[in-house]
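For reference, the chains in residue letters:
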Amino acid sequence: MILDVDTGIDDALALMLAVRHPDVNLRAVTCVAGNATLEQVVRNTLTVLDVAGAGDIPVAAGAHRPLLAEANHAAHVHGTDGLGDLGLPESMRAVAPVHAVELLRREILASPTPVTLVPLAPMTNIALLVRMYPEVLTNVERIVFMGGSASVGNATAVAEFNTWHDPEAAEIVLTSGVPITMYGLDVFYAVTIPPEDIAQLTASDEPGARLVGRLLHHIVSVKGGEVRVSGEGHGDIGDAGAVCAAIDPEGLRTVNLPVRVSLSDPLTRGQTVVDHRTAGHEQAGTADSRFRPIDVALGIDSARYSKLFLDTITA
């Protein structure tokens, strides 16, 4: 597995999960501007890898901004430092002396088995890889990306943040020909950690579990809630759910549907337009070359994934 991140709160949870799960060989982590500036994303990523107890996993910095648009960060959700302003110490890890796209190319080609790419951020780095080194895609088994929506948006009424931040990049990746799973807003908020578990994690003596608890506590507080021992205060794991889906795809209900990304209309820019019509319909997206069929997540076994997450973090 390779993660492409814009490390804010839920990217950090995803990194913790990928590092600690025994079945994941995390070959590399690449960084891109999104939730925070590229420089802050890199700092956050290195810090989280330290706390997770990660080995020598290469980390590289990638694109500072989307392909065409200006960057739009999300400090209102993730805090000014992208990690809830928890005051975490800066890591002494070194960043790989290559661009993220070069690291992606190197690690994908060097892998003895096909790689699962898990972009949890605007897909600028992945789009650049597709355009610069299309030959590497033969060693990519699947792309499981957190982004898009088959229903409502969050950045706008119809667009999810990651696809809205760089819709041209998303369109390039979705039309790359690689098998793709869209882990979008339709399932994003469904995997939650109960308040009693958040409290236990926060009180843990183990640094990784404690950081997870503090990050989940921040998620609850951003929503205007409060972590109580019972009742309210569930925290969703967000991006980490996409890593769960890559590890255990049986917990996800997907439907292969035609999708394209809206690029020109200011009202819908960044929307993943999902054609839910039956394939036999003469106007269905399968008959339109602008649409590409991908596996769209429309249902999820929330309890299964929350258990996978907690068991891995606390093992």
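Every value quoted in this text rests on a predicted model; they were computed, and no experiment measured them. (Residues numbered from 1 in each chain as written. Predicted model: local features only at pLDDT ≥ 70, side-chain atom pairs only at ≥ 80, totals over all residues. Heavy atoms only, no water.)

Participant: Explanation requested: the overall build of the protein chain in the structure shown.
Facilitator: When helices and strands are counted, the protein chain shows twelve helices and eleven strands. Relative to the 2.2 N^0.38 estimate, which gives 20 Å for 315 residues, the radius of gyration of the protein chain is 18 Å and therefore close to what a compact globule would have. Here the protein chain holds 315 residues, and 57% of them are scored as buried. Across the protein chain, every contact between residues at least 6 apart in sequence was considered, and the portion connecting residues at least 24 apart equals 81%. In the structure as shown, the protein chain presents an accessible area of about 12,800 Å², 53% of it carried by carbon and sulfur atoms. (Helix = DSSP H or I, 4+ residues; strand = E, 2+ residues; numbered from the N terminus. Rg over C-alpha atoms; globule rule 2.2 N^0.38 Å. Buried < 20%, exposed > 50% of the residue type's maximum accessible area, 1.4 Å probe, protein only. Contact = heavy atoms within 4.5 Å. Areas by Shrake-Rupley, 256 points an atom, 1.4 Å probe, with all protein chains shown as cover.)

Participant: Mind showing me how you'd approach the pairing of strand β11 (residues 292-300) here?
Facilitator: The side chains of a regular strand alternate, first on one face of the sheet and then on the other. As paired elements, strand β6 (residues 180-183) and β11 share two bridges and run parallel to each other. Directly across from Met 182, in β11, lies its bridge partner Val 296. Pairing analysis gives eight bridges linking strand β9 (residues 252-261) to β11, with the strands arranged antiparallel. Pairing of Leu 252 across the sheet is with Ile 300, part of β11. (Pairing = 2+ DSSP bridges.)

Participant: Could you clarify how one ought to interpret the nonpolar core in this entry?
Facilitator: Soluble globular proteins: nonpolar side chains tend toward being buried together. If you look at the biggest cluster of nonpolar residues, it comprises 61 residues, and the most contacted ones within it are Leu 3, Leu 13, Leu 216, Ile 237, Val 243 and Phe 309. With nine residues, helix α1 (residues 9-20) is the largest single contributor of residues to this core. Ile 108, Ile 126, Leu 137 and Val 296 belong to the second largest nonpolar core, which has 37 residues in total. (Core = buried A, V, L, I, M, F, W, Y, C linked by side-chain atoms within 4.5 Å.)

Participant: How should helix α5 (residues 124-132) be read in this particular structure?
Facilitator: An α-helix turns once every 3.6 residues. As a result, residues three or four positions apart point the same way. For α5, the set of buried residues is Thr 124, Asn 125, Ile 126, Ala 127, Leu 129 and Val 130. Summarising the contacts, the buried residues of α5 are in contact with β1 (2-5), β2 (28-31), α4 (100-110), β4 (115-119), β5 (140-146) and α7 (167-174).

Participant: Would you mind showing me how to read the pairing of β9 here?
Facilitator: Pairing between β9 and strand β10 (residues 272-274): three bridges, direction antiparallel. Bridged to Val 261 within β10 is Thr 272.

Participant: Teacher, can you tell me more about unusual backbone geometry here?
Facilitator: Generally, phi is negative for residues other than glycine and the peptide bonds are trans, each holding for most cases. We note that Asp 85 has phi near 55 degrees; this positive angle belongs to a residue other than glycine. According to the relative accessible area criterion, Asp 85 is partly exposed, its value standing at 43%.

Participant: Explain the sheet that holds β5 here, please?
Facilitator: Through backbone hydrogen bonds, the strands of a sheet pair up, either in parallel or in antiparallel fashion. With mixed pairing, the nine strands of this open sheet are ordered in space as β3-β2-β1-β4-β5-β6-β11-β9-β10. The open sheet is flanked by β3 (59-61) and β10, the only strands paired with a single partner. With direction set aside, neighbouring strand axes in the sheet form an average angle of 30 degrees. (Axes fitted to C-alpha atoms, helices over the stretch in contact; angles between N-to-C directions.)

Participant: I keep staring at the packing of aromatic side chains and nothing clicks. Help me out?
Facilitator: Any pair of aromatic rings gets described here by the distance separating the centres and the angle formed by the planes. With the rule as written, the count across this model stands at two aromatic pairs. Look at Phe 161 and Trp 164: their rings are 5.9 Å apart centre to centre, the planes differ by 45 degrees, and that puts the pair in the tilted class. Of this pair, Phe 161 and Trp 164 both sit in helix α6 (residues 161-165), three residues apart, which is roughly one turn of the helix. For Trp 164, a relative accessible area of 26% puts it in the partly exposed group. Seen from their ring centres, Phe 188 and Tyr 189 are 4.8 Å apart, and the 90 degrees between their planes marks the pair as edge-to-face. The class for Phe 188 is buried, based on a relative accessible area of 9%. For Arg 105, the ring lying beneath its charged end belongs to Tyr 133, and the centroid distance is 4.8 Å. (Phe/Tyr/Trp six-rings, centres within 6.5 Å; stacked < 30°, edge-to-face > 60°. Lys NZ or Arg CZ within 6 Å of the ring centre and 35° of its normal.)

That is the geometry; function is a separate question.
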